[in-house]
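Breakdown of the fold
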Amino acid sequence: MEKQVDILIAGAGISGIGVAVHLLKNCPGRQFELLERRENIGGTWDLFKYPGIRSDSDMSTFGFNFKPWRKASVLADAGSIKQYLAEVVDEFQLHNKIHFKHRVLSANYDSSIKKWVVQIEDDQQQQQTWMANFVVGCTGYYNYDQGFQPNFPNQETFKGQLIHPQHWPEQLDYAGKKVVIIGSGATAITLVPAMVKGGAQHVTMLQRSPTYITSIPSIDFVYDKMRKVLPEDVAYKLTRVRNIGIQRGLYALAQNHPKTVRNFLLRRIERQLKGSTTDIKHFTPSYNPWDQRLCVVPDGDLFRALRSGRASVETDQIKKFTETGIQLKSGQQLDADIIVSATGLEIQILGGMKASIDGRPLDTSKNMLYHGVMVSDVPNMAMIIGYINASWTLKVDIAADYICRLINYMDRQGYDEVIAAADQGERMEETVMGGLSSGYIARAAHVMPKQGRHAPWKVTNNYLADRKALKNASFNDGILKFHKRAAAV
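Fair warning: this is a prediction, and the values are worked out from it, not measured in the lab.

**Some remarks on the packing of helix α10 (residues 392-413) against helix α12 (residues 463-472)**
- Closest axis-to-axis distance for the α10/α12 pair is 9 Å, and the angle between their directions is 10 degrees. If you check the angle between α10 and α12, you find them roughly parallel. Counted together, Leu394, Ile398, Ala399, Tyr402 and Arg405 of α10 and Tyr463, Asp466, Arg467, Leu470, Lys471 and Asn472 of α12 form the full contact between these two elements.
- Each residue belonging to the contact of α10 with α12 can be placed in one class, and the counts come to six nonpolar, one polar and four charged.

So this is what it looks like as structure tokens:
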């Protein structure tokens, strides 16, 4: 079966649904289809099932700019986020545009016809060929099939359950059991209080090194009050502006005055730890704030779990697994019925599809991103990669607006192909996410696009600057190369 598609969106999570709505609103003359390899919308928020899973960005900026987040909750659980996305799909009638259980196997750009030839495995496990004028990658940046799983010494000797959060067993019974969670990132700090609340006898967070953690209120009382006296969309926009400003201000302050921010964060943690036996050293990283992503906890739930005595933190390295738990290099033994390996993500670009141009394989680690959106030297392809220091969705909105402007410009001029031609002298070895020193970022150098030295190849992770740059970007900058399809003879 062969199918002609105008714009093909790979992925029906936050990015794919956001891009689809922007196309619907801004490019009414264009048709699009979404391919989703899973059975449901939501991407990340449908995949992860572990206790307590929630956003780590405030929902006024994690929600789309075209649809207010109508709850006062600052952070939202996965179910609420999926419900929000389902409302978007309903409101904009996207149901018939989404093809579930359709996996992209390969995509080859044929320059002779200026189209992508996409091989797909459908829901009947039959192969189809779709021809697309333009492809937008909305698959995130990690492997949905597997997370990063180190091979721990002697792990086969452990008699209990070893679990990765990406593959959480349904109906896992951890009530009354001892749990050790390996890791100190967003997943681990979410799991600790959730599993304590869920009845675990004791939960130990075992970390190799500490992470900066700050507590924020779970309810935005100012937004809640504004919604009662102002129209919903006005209250939402004002709250977004405020929170974007706060996010940007704190990040800039951390970059320019790291000691000040470090002392501020550590003083707050010290106050939260009062009444517990946990030493502040377990929350005192060796790096500066925002060298790795800052983790947030609602209403200090992690610290409340520590104060209860049913949770603890150990900073050490694993010597080996034993039958009954983990032996640390210090000699300490951590007993466990369940070990959760919250050790991070396995980075993957374009959902693992094999992309090529005229049969030549595409190696995304050799490419840069033009304005953080277009893949260098790749015709008719855009990619959505969200922010490392702000809500993912902020980037979705402005990138999608830019893609719509670009497509409308091509339509007005009669162009069929656009290529962001790279100056290889711009390319650095640092990846587009190189502002962070996190392990999963360091492991991604062989797949992630690279950072450029100057605009428009330099990814700034600055929403306010990006919004202005993308809104005002000229299509006649000498970098974008446009072509028309040869007339049929």
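**Brief notes about the pairing of strand β6 (residues 127-137)**
- A large share of β6 lies buried, amounting to 10 of its 11 residues.
- Taken together, the eight bridges between strand β1 (residues 2-10) and β6 define a ladder with parallel strand orientation. Residue Glu2 lies in a different strand from β6, and its bridge partner there is Thr129.
- In terms of strand pairing, strand β5 (residues 115-121) meets β6 through six bridges, oriented antiparallel. Directly across from Trp116, in β6, lies its bridge partner Ala132.

**Things to note about the sheet that holds strand β16 (residues 338-341)**
- Spatially, five strands are ordered β7-β16-β8-β9-β12 in an open sheet, and the strand pairing comes out parallel. If you trace the sheet from one side to the other, it starts and ends with β7 (161-163) and β12 (311-315), each paired once. The mean angle between the axes of side-by-side strands here comes to 20 degrees, regardless of whether they run parallel or antiparallel.
- Pairing geometry for strand β9 (residues 202-207) and β12, over five bridges, is parallel. Within β12, the residue paired with Thr204 across the bridge is Ser312.

**A look at the pattern of salt bridges**
- Counted according to the given criterion, the structure contains 17 salt bridges.
- In this structure, Asp46 and Arg38 form a salt bridge, with 2.8 Å as the shortest nitrogen-oxygen distance.
- Look at Asp46 and you get buried, because its relative accessible area is 2%.
- Of the charged contacts, one joins Arg70 and Glu232 as a salt bridge, the two residues approaching to 3.3 Å between their closest N and O atoms. Of this pair, Arg70 sits in the loop between α3 (59-62) and α4 (78-91) while Glu232 sits in helix α7 (residues 232-256), placing them 162 residues apart in sequence.
- Each of the salt bridges in this network shares a partner with another, and the network as a whole consists of Arg38, Asp46, Lys49 and Lys82.

**Some remarks on the layout of surface pockets**
- Size it by volume and the second largest pocket reaches roughly 750 Å³.
- Lining the second largest pocket we find 30 residues, and of these Ile216, Ile246, Gln247, Leu250 and Val296 sit closest to its centre.
- Among the secondary structure elements, those contributing two or more residues to the lining of the second largest pocket are β10 (213-216), α7 and α8 (258-273).
- Here the lining of the second largest pocket takes seven residues from α7, the largest share from any one element.
- Split by residue class, the lining of the second largest pocket holds 17 nonpolar, seven polar and six charged.

**With respect to the sheet that holds strand β14 (residues 325-328)**
- Taken in spatial order, the three strands line up as β13-β14-β15 in an open sheet, and their pairing is antiparallel. The open sheet has two free edges, formed respectively by β13 (318-322) and β15 (333-335), since each of these has just one partner strand. Here the average twist between neighbouring strands, direction ignored, is 20 degrees.
- Two elements, β13 and β14, share four bridges in a ladder whose sense is antiparallel. Residue Phe321 lies in a different strand from β14, and its bridge partner there is Ile326.

Criteria and thresholds
- Counting from 1, residues in each chain are numbered in the order their sequence is written.
- Totals for whole chains, interfaces and linings use every residue, but because this is a predicted model, local features are given only for residues with pLDDT of at least 70 and side-chain atom pairs only at 80 or more, for both listing and counting.
- In computing side-chain values, all of the structure's heavy atoms are included and hydrogens and water are not.
- In this analysis an axis means a line fitted to C-alpha atoms, helices contributing only their contacting stretch, and an angle means the value between N-to-C directions, from 0 to 180 degrees.
- Only runs of H or I of at least four residues qualify as helices and only runs of E of at least two qualify as strands under DSSP, and these elements are numbered from the N terminus.
- By the definition adopted for this analysis, an angle is roughly parallel if under 35 degrees, roughly antiparallel if over 145, roughly perpendicular if from 65 to 115, and oblique otherwise.
- Whether two residues touch is decided by their heavy atoms; if any such pair falls within 4.5 Å, the residues are in contact.
- In this count, Pro and Cys sit with the nonpolar residues alongside Ala, Val, Leu, Ile, Met, Phe, Trp and Tyr, while Asp, Glu, Lys and Arg are called charged and the others, Gly among them, polar.
- The classification of residues rests on relative accessible area computed with a 1.4 Å probe and restricted to protein chains. Under 20% of the type maximum is buried, over 50% is exposed, and intermediate values are partly exposed.
- Note on pairing: two strands pair once DSSP finds at least 2 bridges between them.
- A pairing counts as a salt bridge when a side-chain nitrogen of Lys or Arg comes within 4 Å of a carboxyl oxygen of Asp or Glu.
- The pocket and cavity definitions rest on a 1 Å grid over protein atoms only: a 1.4 Å probe that fits but cannot leave marks a cavity, an open set with protein on both sides within 12 Å along at least five of seven lines marks a pocket, and residues lining either have an atom within 4 Å of a point.
- Grid points are joined across faces, edges and corners, and a volume is the space filled by probe spheres set on the points.

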